[in-house]
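# Observations on chain architecture
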Amino acid sequence: MERAIALTKITSWHFAARLVGVRLLDQVGIYTRKYLPRQACAIVSDSHVAPIYLDRVRIGLASAGFRPTLITIPAGERSKSLWQVGAICDRMIAAGLDRQSFVIGLGGGMIGDISGFVAAIYHRGIPHVQIPTTLLAMVDSSIGGKTGVDARAGKNLIGAFHQPSLVIDDLDVLKTLPRRQFNQGFAEIIKHAIIADAKMFRTLQSGEPGSARDLQRLIERNIRIKSRIVAKDERDRTGERALLNFGHTIGHAIERAGNYRRFLHGEAVSLGIVATCAISVKKAGLPPDQRAAIVDLLERFGLPTRLSPKFPRKNILNALKFDKKFEGGKVRFIVAPRIGSAYVANNVTLDDIREAVGQL
Ligand SMILES: NC(=O)c1ccc[n+]([C@@H]2O[C@H](COP(=O)([O-])OP(=O)(O)OC[C@H]3O[C@@H](n4cnc5c(N)ncnc54)[C@H](O)[C@@H]3O)[C@@H](O)[C@H]2O)c1
Ligand SMILES: [Zn+2]
């Protein structure tokens, strides 16, 4: 059932080949050969994903004539560091990889971000191939060319725009993804539905995709939604791309307040969406029944919509100060006037946010 949304328009100037389907992993060599007439490459993966999938990708690449250098880093966000970037580059230099080589990232968003950043800076930029292995990476982080690592002061503070040349989404890899990780991908999918696709929202209301084909369609649809938004504002400057941050201003603050341990990103975003909907009812006229439908849908996908009474809400407000959007006291906040539409509002105050967080 392999299908290519070949040459998806990723930005106004960039078309990346994108393959979505099943049983693609063993064919990675063949597809890569088609799109990248090069030989030497590094495969960057993490310590959870590599034992399950790296061998299949390596064998496929070798039999198609590639010379892959395997680099595995510890799983987890802590690996998304400048130190690790240096270590990966050193390994690539030692393996003799030059300007004619390329980098393959095999893993979730953490691997996609760091391998993409290495590709952006190695010999001033070499091609990047992504093989996302989490739902979140397939529908979100592998689209749009944002790459980078975390700094001690905060997440994703160091990075570069570098579009992948090829992305291969093999649905089969999702079978080994822990349930909680799978569910958090739905937070971004529901976000896409709220900001841009009322029809997809209704489809989601009838439950989780029942078959591989339905899941494939859903992933393709989300790739198109994000690509379309990114294409209008690839460098995140005009405000269009900011719509993708719906639920994220508060979500990021909750993530930080939980010391990045209490909630997965998608779970924090789910809570952020709930609070943002309360603000949208007040400031953008979101009908209360649509707000209730959104909360229902998040719950249906096993995502949190309430904070425990013990959770220190004060820390969420403190964490908001770290958000780049709050610089200079100006708040740019994404609201939804109805399901399927969003805009950047400038009439949302910190008090509105405090109130919405208090209700979680
Ligand atoms: N570049 C962007 O535009 C963008 C957008 C959203 C998120 N991100 C970044 O993405 C990262 C989060 O991505 P993520 O949620 O995929 O996290 P992740 O890459 O850390 O993966 C989550 C966990 O699942 C494991 N895993 C991955 N695939 C697996 C599989 N198929 N089977 C079993 N285990 C598997 C990983 O080893 C890890 O332990 C963050 O660093 C975030 O900043 C980037
Ligand atoms: Zn997100």
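Refer to the preceding data block for the structure.
Here is what the cut-offs are and how they apply
One numbering rule holds for all chains: residues counted from 1, following each sequence as written. Written order determines the labels here, with chains lettered from A and ligands numbered from 1. In view of the model being predicted, local features appear only for residues whose pLDDT reaches at least 70, and side-chain atom pairs are presented and counted only at 80 or more, with totals across whole chains, interfaces and linings using the full set of residues. Calculated side-chain values reflect all of the structure's heavy atoms, with hydrogen atoms and water omitted. Nonpolar cores were defined as sets of buried Ala, Val, Leu, Ile, Met, Phe, Trp, Tyr and Cys residues, with membership established by side-chain atoms within 4.5 Å. Per-residue accessibility, obtained with a 1.4 Å probe over protein chains only, is compared with the maximum for each type, and a residue is labelled buried under 20%, exposed over 50%, and partly exposed between these values. Helix and strand assignments follow DSSP, with helices taken as H or I runs no shorter than four residues and strands as E runs no shorter than two, numbered in order from the N terminus. Here a residue-residue contact requires only that any non-hydrogen atoms of the pair lie within 4.5 Å. Stacked, tilted and edge-to-face are the three classes assigned to paired rings of Phe, Tyr and Trp, where Trp is represented by its six-membered ring and a pair needs centres within 6.5 Å; plane angles under 30 degrees give stacked, over 60 edge-to-face, the rest tilted. Distance and angle both matter: a charge sits over a ring if NZ of Lys or CZ of Arg is within 6 Å of the ring centre and within 35 degrees of the ring normal.

### As for the nonpolar core
Core analysis: the largest hydrophobic core is formed by 98 residues, its most contacted members being Phe-186, Leu-204 and Ile-219. Looking at this core, the element that brings in the most residues is helix α10 (residues 265-284), giving 10 residues. Setting aside anything within four residues of it in sequence, one finds Phe-186 in contact with Leu-135, Leu-204, Glu-208, Pro-209, Leu-218, Phe-301 and Leu-303.

### Details of the packing of aromatic side chains
One pass over the full model with this rule turns up four aromatic pairs. Judged by centre distance (5.7 Å) and plane angle (80°), the ring pair of Phe-66 and Phe-102 falls under edge-to-face. Linking Phe-66 in the loop between α2 (50-63) and β5 (67-73) with Phe-102 in strand β6 (residues 102-107), this pair joins segments that are 36 residues apart in sequence. Looking at Phe-66, the relative accessible area reads 3%, which means it is buried. Geometrically, the ring pair formed by Phe-182 and Phe-186 is edge-to-face, given 5.5 Å between the ring centres and 75° between the ring planes. Taken together, the residues Phe-182 and Phe-186, both in helix α6 (residues 179-196) and four residues apart, mark about one turn of the helix. We note that Phe-182, like Phe-186, is buried. An aromatic cluster of at least three residues, connected via ring pairs, comprises Phe-182, Phe-186 and Phe-301. The lysine or arginine in question, Arg-33, covers the ring of Phe-66, its NZ or CZ lying 4.2 Å from the ring centre. Sitting above the plane of the Phe-263 ring, Arg-262 keeps its charged end 4.5 Å from the centroid.

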